[in-house]
Amino acid sequence: MVLVDPSHEDQGAREWQLEGNAAKVKWQKFYRQSLEIKRKCVATASSSAGLVEGTELFKQCMPEPVGHFSAALNALMLDYSATPANQQAVLSELENVYYASSDQVRAARRSYGDKPLIVLTHAPFPKGPEETQALRNLRTTLWETLHDELAALSTRGVNRTVAGSGHFIQWDQPRVVDDAILEVLADTVKKS
């Protein structure tokens, strides 16, 4: 198995612990606002007009173009992102990732025995405008720790930080993802 900068079922709760209750309150406000916007995105994408480029809602609903993608690939990504199905999928993820999905994953957690497992982790993010360097360092350490925990689900699990990548490692360093998949496949065949 290859996990590409995966979520961890406890990431929200453990990140909130870094800053205390104020962080959770701030998150809940952001979360409610994000749900409201995303529900508008779904409704608008599902309407006969669809999401209209250049509008404020379009900007809120759509991903930013990826700098190293070609114009054609960015256009394809935007076309797909504007579909009702994609907007609904993003809403569903937002509604569930820190709550119902996390509860389900936590309840199903088990050992993977000795199955090959590679966890790919994004390179450390730079300090954000509202962060201290100390807080950024704590967040980086937490993310790496959570991914170490996921890798430890297998006796053969490893966590690898991918230099030069953000959260979407498959966009930033696709060859690293390909190589990890091929490595796990080769390891699986060798073991058979």
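Residues numbered from 1 in each chain as written. Predicted model: local features only at pLDDT ≥ 70, side-chain atom pairs only at ≥ 80, totals over all residues. Heavy atoms only, no water.

Draft legend 1. A look at the packing of helix α1 (residues 11-19) against helix α7 (residues 133-151). Orientation of α1 relative to α7, taken along the N-to-C sense of each, is 150°, at an axis distance of 11 Å. One way to sum up the angle between α1 and α7 is to call them roughly antiparallel. At the point where α1 passes α7, the crossing takes the right-handed sense. From α1, Q11, R14, E15, L18 and E19 reach across to α7, where they touch L135, L138, R139, L142, W143, T145, L146 and E149. When its residues are assigned to classes, the contact of α1 with α7 shows 6 nonpolar, 2 polar and 5 charged. (Axes fitted to C-alpha atoms, helices over the stretch in contact; angles between N-to-C directions. Helix = DSSP H or I, 4+ residues; strand = E, 2+ residues; numbered from the N terminus. Parallel < 35°, antiparallel > 145°, perpendicular 65-115°, else oblique. Left-handed = near helix turned anticlockwise from the far one by under 90°. Contact = heavy atoms within 4.5 Å. Nonpolar A, V, L, I, M, F, W, Y, C, P; charged D, E, K, R; others polar.)

Draft legend 2. Structural context of the packing of helix α2 (residues 21-46) against helix α5 (residues 84-96). In the contact formed by α2 and α5, the axes pass within 8 Å of each other and the chain directions differ by 160°. Classified by the interaxial angle, the pair formed by α2 and α5 is roughly antiparallel. In this structure, α2 crosses over α5, and the sense of that crossing is left-handed. Counted together, Y31, S34, L35, K38, R39, C41, V42, A45 and S46 of α2 and P84, Q87, Q88, V90, L91, L94 and E95 of α5 form the full contact between these two elements. Residues belonging to the contact of α2 with α5 are distributed by class as follows: 9 nonpolar, 4 polar and 3 charged.

Draft legend 3. The packing of aromatic side chains, seen in detail. Considering all chains together, one arrives at 8 aromatic pairs under this definition. Judged by centre distance (6.3 Å) and plane angle (35°), the ring pair of W16 and W27 falls under tilted. Taken as a pair, W16 in helix α1 and W27 in helix α2 lie far apart in primary sequence, 11 residues in all. Exposure class is identical for W16 and W27. Each is buried. (Phe/Tyr/Trp six-rings, centres within 6.5 Å; stacked < 30°, edge-to-face > 60°. Buried < 20%, exposed > 50% of the residue type's maximum accessible area, 1.4 Å probe, protein only.)

Draft legend 4. Summary view of the state of the cysteines. Applying the stated criterion across every chain yields a total of 1 disulfide. Covalent S-S linkage joins C41 and C61, the inter-sulfur distance amounting to 1.9 Å. In this structure the cystine formed by C41 and C61 twists about its S-S bond by roughly -90°; its chirality is therefore left-handed. Here the residue C41 occupies a position in helix α2, and C61 occupies one in helix α3 (residues 56-61), the gap between them amounting to 20 residues. The same class applies to C41 and to C61, which are both buried. (Disulfide = S-S within 2.5 Å.)

Draft legend 5. Just the pattern of salt bridges, in detail. In total, this model carries 15 salt bridges according to the counting rule given. Between R160 and E183 there is a salt bridge, with its nearest N and O atoms 2.8 Å apart. Linking R160 in strand β3 (residues 157-162) with E183 in helix α9 (residues 174-191), this pair joins segments that are 23 residues apart in sequence. Several salt bridges converge on common partners, so that one network encompasses E15, E19, E131, R136 and R139. (Salt bridge = Lys/Arg side-chain N within 4 Å of Asp/Glu carboxyl O.)

Draft legend 6. Looking closely at the sheet that holds β3. Spatially, the 3 strands line up as an open sheet ordered β1-β2-β3, and their pairing is parallel. Bordering the open sheet on either side are β1 (2-4) and β3, each of which pairs with just one other strand. Strand after strand, the sheet turns through a mean of 20° between neighbouring axes, direction not considered. Two elements, β1 and strand β2 (residues 117-122), share 3 bridges in a ladder whose sense is parallel. Across the sheet, V2 pairs through a bridge with I118, a residue of β2. Along the sheet, α7 makes contact with β2 and β3, crossing β2 at roughly 170°. Contacts between α9 and the sheet are confined to β1, β2 and β3, with β2 contributing the most and set at about 165° to the helix. (Pairing = 2+ DSSP bridges.)

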